[in-house]
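Tertiary structure, described
Listed below, chain by chain, are the residues.
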Amino acid sequence: MQATERLEVKNSQGLLTSIGRSVLYGLEILGQSVDWALRTLGSFREIPKRAGLILDEMVRIGTSSLFISSFLAFFIGMVLVVQTADQLEGYSQEVLGSIVGLAMTKELGPVLMAFLLAGRAGSAMAAELATMQVYEEIAALRTLDVSVESYLILPKFIATALTLPLLILYADIIGILAGAFAVAIDPAIHVSVNAYFHNLQAYLKFSDIIIGMAKGLVFGAVTAILSCTIGLRARRGTEEISSATTSAVVWSFITVTVFDYIIARVVLIF
Amino acid sequence: MQLKEGVRIELKHVTKAYGDKPVLKGLNLGVEAGETLVVIGKSGQGKSVLLRLSAGLERPDSGEVLLNGIPADTYRNISAQKKPFRMAMVFQGSALLNSLSVFENVALYLKEHGMAKGDNLDRLVMDALTSVELEHARDLYPTELSGGMRKRAAIARALATRPDVLLFDEPTAELDPLLSAELAEVIQKIQSAHKMTIVVVTHNLVFARQVADRIALLEDGRIACSVKVGELLNAEYPPLRAFIEAAALA
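Residues numbered from 1 in each chain as written. Chains lettered and ligands numbered in written order. Predicted model: local features only at pLDDT ≥ 70, side-chain atom pairs only at ≥ 80, totals over all residues. Heavy atoms only, no water.

Digging into the packing of helix α3 (residues 51–87) of chain A against helix α6 (residues 148–185) of chain A
Residue and element names in this part refer to chain A. Taken N-terminus to C-terminus, the directions of α3 and α6 make an angle of 25°; their axes are 7 Å apart at the nearest point. Looking at the two axes, α3 sits roughly parallel to α6. Read as a crossing pair, α3 and α6 show a hand that is right-handed. Residues of the contact of α3 with α6, tallied by class, amount to 23 nonpolar, nine polar and two charged. (Axes fitted to C-alpha atoms, helices over the stretch in contact; angles between N-to-C directions. Helix = DSSP H or I, 4+ residues; strand = E, 2+ residues; numbered from the N terminus. Parallel < 35°, antiparallel > 145°, perpendicular 65-115°, else oblique. Left-handed = near helix turned anticlockwise from the far one by under 90°. Nonpolar A, V, L, I, M, F, W, Y, C, P; charged D, E, K, R; others polar.)

Some details on the interface of chain A and chain B
In this complex, chain A contributes 16 residues to the contact, which on the side of chain B involves 23 residues. A combined buried area of about 1,600 Å² lies between chain A and chain B, and 53% of that area is made up of carbon and sulfur atoms. Counting the surface chain A buries against chain B, the share from its top three residues, A:Thr143, A:Leu144 and A:Asp145, is 37%. Counting across the chain A and chain B interface gives five salt bridges. Residue A:Lys49 is joined to B:Glu112 by a salt bridge in which the shortest nitrogen-to-oxygen separation is 3.5 Å. For the pair chain A and chain B, the interface holds nine residue pairs in polar contact (both at pLDDT 80 or more). Of all the elements, helix α5 (residues 137–143) of chain A adds the most residues to the side of chain A that touches chain B, at six residues. (Contact = heavy atoms within 4.5 Å. Buried area = accessible area lost by both parts, 1.4 Å probe. Salt bridge = Lys/Arg side-chain N within 4 Å of Asp/Glu carboxyl O. Polar contact = N/O pair within 3.5 Å; in protein donor to acceptor, adjacent residues only side chain to side chain.)

Observations regarding the side chain of A:Arg50
Here A:Arg50 is to be found in the loop between α2 (15–42) and α3. Residue contacts for A:Arg50: discarding those within four places in its chain leaves A:Ser150, A:Tyr151, A:Leu154, A:Pro155 and B:Glu112.

Regarding the packing of aromatic side chains
Think of a pair of aromatic rings as described by two things: how far the centres are apart, and how the planes are tilted against each other in angle. Residues and elements named next belong to chain A. Applying the stated rule across the entire model yields nine aromatic pairs over all chains. Measuring from centroid to centroid gives 5.5 Å for Phe74 and Phe75, while their planes differ by 80°, and the two rings are edge-to-face. On the basis of relative accessible area, Phe75 is assigned to the partly exposed category, the value being 39%. When the ring of Phe74 is compared with that of Phe181, the centres are 5.9 Å apart and the planes differ by 40°; the resulting orientation is tilted. Pair noted here: Phe74 is in helix α3 and Phe181 is in helix α6, with a separation of 107 residues, a long-range link. (Phe/Tyr/Trp six-rings, centres within 6.5 Å; stacked < 30°, edge-to-face > 60°. Buried < 20%, exposed > 50% of the residue type's maximum accessible area, 1.4 Å probe, protein only.)

With respect to the domain arrangement of chain B
Residues and elements named next belong to chain B. Domain assignment breaks chain B into domain 1 (1–7 + 29–86 + 163–250) and domain 2 (97–161). Placing the centre of domain 1 and that of domain 2 at their C-alpha centroids yields a distance of 23 Å. Taken together, the contacts link 18 residues of domain 1 with 16 residues of domain 2. Of the roughly 1,400 Å² buried between domain 1 and domain 2, counting both surfaces, carbon and sulfur atoms make up 66%. Inspection of the region where domain 1 meets domain 2 yields two salt bridges. In this structure, Glu182 engages Arg152 in a salt bridge whose closest nitrogen and oxygen atoms are separated by 3.7 Å. In this assembly, domain 1 and domain 2 are joined by four residue pairs in polar contact (both at pLDDT 80 or more). Secondary-structure elements contributing two or more residues to the side of domain 1 that touches domain 2 are β7 (165–169) and α6 (177–193). In terms of residue count, the dominant contributor to the side of domain 1 that touches domain 2 is α6 (six residues). (Domains from an automatic or database assignment.)

Here it is as structure tokens:
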């Protein structure tokens with residue numbers, strides 16, 4: 001084949017070629033993530049040795065997300081009340097408490113906090129590891145026989161998986177309280193704060209809160225592994241650092257959504 | 001510190017390509033135990049690749065890279081405590097961990113593998129920092145160091161592992177001639193204090209002459225020639241002569 005023909009074939013950008021390339025890219029990321037996840041799980045015995053690093057990461061993730069998560073949860077809680085009350089106009093608004101409580105704990109809290117964490121901590125992890133890869137710090141660690149999975153990934157993995165459920169619990173509380181606040185101040189809502197909490201108490205089960213937090217554990221672990229994998233894929237040049245950051249967020253969003261569906265189905269079976 | 005025996009490095013018929021681009025094309029090279037070899041060559045000839053293969057950071061597409069007879073990638077997978085000898089590498093951009101202070105960077109290997117703690121760790125790290133005259137910078141972070149200091153901190157980190165083989169990737173990159181001369185002195189001091197095998201890749205011939213026992217020219221993916229440093233100026237191989245003349249050594 002002539003060189004020019006080869007170039008044309010390589011550069012052809014048909015729809016099927018693009019789809020095929022995207023699918024292969026996705027499978028590659030998935031395969032590498034599973035590989036890193038297994039290697040990280042294999043280094044779990046080193047958790048006590050990395051306790052300090054895990055704690056540092058938890059503080060970093062928590063403090064970077066706390067303000068924005070409060071803000072987000074507060075307004076989501078209020079919007080839920082206002083929108084639901086509007087839909088229930090003419091019916092009973094007594095159910096507001098349970099709707100806000102169940103929506104926050106089972107769905108909105110976990111998914112929104114996971115998206116927030118992917119945008120803040122996930123992108124930061126991908127950028128950090130991509131920078132270390134591009135500037136040969138990862139190679140330097142290997143020459144020092146320092147395990148990348150144990151020294152770099154494990155603390156981020158554990159810290160993210162533990163911090164996200166706590167953030168979700170925090171967001172659940174803020175969202176529910178914000179809902180009560182909206183009930184108290186909005187003249188269009190004809191239900192008392194007492195009735196709101198009474199209804200919440202009647203329908204919200206402890207298991208709903210736990211399931212939401214368990215989702216956070218999975219979402220956190222998935223976000224950490226994906227972000228680390230994408231960061232470590234960077235090879236040359238600083239432009240790969242910024243593309244790793246964006247990719248980590250996009251892939252985390254997609255994967256969290258897919259896992260959310262899977263967990264919801266599994267929970268409904270039981 | 002204890003004198004080292006050094007390690008013999010052999011690269012036999014090594015090929016390495018990235019995508020469609022062949023970089024090393026059947027390269028053969030031997031580095032004797034205790035020798036300081038400097039590999040020179042134009043940019044993009046694969047000098048750093050040669051070093052990464054020697055360190056076991058990458059695998060050759062074909063051929064063998066042996067360290068005292070052990071394949072480099074096998075050596076890389078042996079745990080730190082069980083390695084029959086130690087190899088360290090100083091990277092082009094120093095590759096210090098920005099989240100750690102100079103002291104913590106130098107101490108990392110010893111702490112990570114439980115090889116020293118307390119006062120002993122402190123002494124070993126300070127020995128390494130003193131040998132590169134950087135003891136005053138122990139509490140600084142890499143972002144607070146000049147290019148020359150970063151390079152010396154990276155050398156101290158390598159020395160703290162008490163290596164038998166030390167690899168330098170473009171050590172004078174981004175350094176002015178005065179700092180390059182200073183770095184050459186540091187390497188000469190290491191050579192006289194420790195009998196280790198040293199491989200340096202650079203395109204800086206002035207620096208190469210200061211530190212080398214032997215200089216090899218990498219050209220078109222192969223070692224085109226190698227000469228003892230004393231014979232460099234009499235070398236007749238045209239590409240090497242071109243290097244010598246460009247560096248205004250003759």
